[in-house]
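# Descriptive structure summary
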Amino acid sequence: MPSFDIVSEIEMHEVTNAVDQAKRELGNRWDFKNVEADIELEDKRLTLSAEQEFQLEQVVDMMRMAFAKRNIDTRALSEDGESKAGKLVKQHFTLKQGIETDMAKKIVKMIKEQKMKVQASIQGDKVRVTGKKRDDLQEAIAMLREAELDIPLQFNNFRD
């Protein structure tokens, strides 16, 4: 029976490259000369810091641009809030991977509401969709691509 998996994953190697690229750009910009600003990546947590609020916004924009250049969906970043430490303002982000159960339930519900000839089941942090025809599965993929969801989705493990 044909099937595919719906997942939400980001390649950590590309994230590391995007952080390095943003750090190089930060070092090359003339408006950040003699300014204490930094981008740190620890496991799945990003911390951006700068001296002023407007500078921090520019660092965040640089980070988003580096992600876009590396084809990493910026919806994979979730804000954890700001903090002030001494003379630095910091912005924390968490990299989201996997589909949470609430979002997985929403995806399954969307597929069922469309009355497609496919079945969706939650399997850990991914959703498996099965159907009798390949065309039905492709229709489900097209519907999910058009849907406005908060997370980036990838479709893999397509089996005939």
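Before going into details, it helps to say that this report is about the structure given with it. (Residues numbered from 1 in each chain as written. Predicted model: local features only at pLDDT ≥ 70, side-chain atom pairs only at ≥ 80, totals over all residues. Heavy atoms only, no water.)

## Digging into the overall build of the protein chain
Helix and strand counts for the protein chain stand at 4 helices and 8 strands. Against the globule reference of 15 Å for 160 residues, the protein chain gives a C-alpha radius of gyration of 20 Å, more extended than a compact globule. Along the first, second and third principal axes, the C-alpha set of the protein chain runs to 65 × 25 × 25 Å. Going through the 160 residues of the protein chain one by one, you find that 41% of them count as buried. Restricting to contacts in the protein chain with at least 6 residues of sequence separation, those with at least 24 account for 62%. Within the structure as shown, the protein chain displays about 9600 Å² of accessible surface, and the carbon and sulfur contribution to it stands at 44%. The average position of the 27 basic charges and that of the 31 acidic charges among the side chains of the protein chain differ by 5 Å. (Helix = DSSP H or I, 4+ residues; strand = E, 2+ residues; numbered from the N terminus. Rg over C-alpha atoms; globule rule 2.2 N^0.38 Å. Buried < 20%, exposed > 50% of the residue type's maximum accessible area, 1.4 Å probe, protein only. Contact = heavy atoms within 4.5 Å. Areas by Shrake-Rupley, 256 points an atom, 1.4 Å probe, with all protein chains shown as cover. Lys, Arg positive; Asp, Glu negative; His and termini not counted. Charge placed at Lys NZ, Arg CZ, Asp CG, Glu CD.)

## Describing unusual backbone geometry
With a phi angle near 60°, asparagine 34 is a residue other than glycine that sits in the positive phi range. Here asparagine 157, not a glycine, exhibits a phi torsion of approximately 60°, which is positive. A relative accessible area of 30% places asparagine 157 in the partly exposed class.

## Structural notes on the nonpolar core
In terms of nonpolar packing, the biggest core is built from 24 residues, with Val15, Ile39, Leu46, Leu48, Val59, Met63 and Phe67 touching the most fellow members. Residue contributions to this core peak at 7 residues, all from helix α2 (residues 53-69). Excluding residues within four positions of it along the chain, valine 15 makes contact with Ile10, Leu41, Phe67, Ile72 and Leu95. Formed by 23 residues, the second largest nonpolar core is a distinct cluster that contains Ala104, Ile111, Ile141 and Ile151. (Core = buried A, V, L, I, M, F, W, Y, C linked by side-chain atoms within 4.5 Å.)

## Side note on the sheet that holds strand β3 (residues 45-50)
The 4 strands lie next to each other as β2-β3-β5-β4, forming an open sheet whose pairing is antiparallel. Here the strands that pair on one side only, and so sit at the sheet edges, are β2 (38-42) and β4 (77-85). Geometrically, the sheet is characterised by an average inter-axis angle of 20° between neighbouring strands, direction not taken into account. As paired elements, β2 and β3 share 5 bridges and run antiparallel to each other. The partner of aspartate 38 across the bridge, within β3, is serine 49. Contacts between helix α1 (residues 12-28) and the sheet are confined to β2, β3 and β5 (88-95), with β2 contributing the most and set at about 165° to the helix. Most of the contacts of α2 go to β3, to which it runs at about 140°, and overall it touches β2, β3, β4 and β5. (Pairing = 2+ DSSP bridges. Axes fitted to C-alpha atoms, helices over the stretch in contact; angles between N-to-C directions.)

## Re the packing of α1 against α2
Relative placement of two packed helices is described by the angle separating their axes and the distance separating the axes. For the pair α1 and α2, the least separation of the axes is 9 Å and the interaxial angle reads 135°. In terms of axis orientation, α1 runs oblique to α2. For the crossing formed where α1 meets α2, the hand is right-handed. Contacts between α1 and α2 involve Val15, Ala18, Val19, Gln21, Ala22, Glu25 and Leu26 from the former and Val59, Met62, Met63, Ala66, Phe67 and Lys69 from the latter. (Parallel < 35°, antiparallel > 145°, perpendicular 65-115°, else oblique. Left-handed = near helix turned anticlockwise from the far one by under 90°.)

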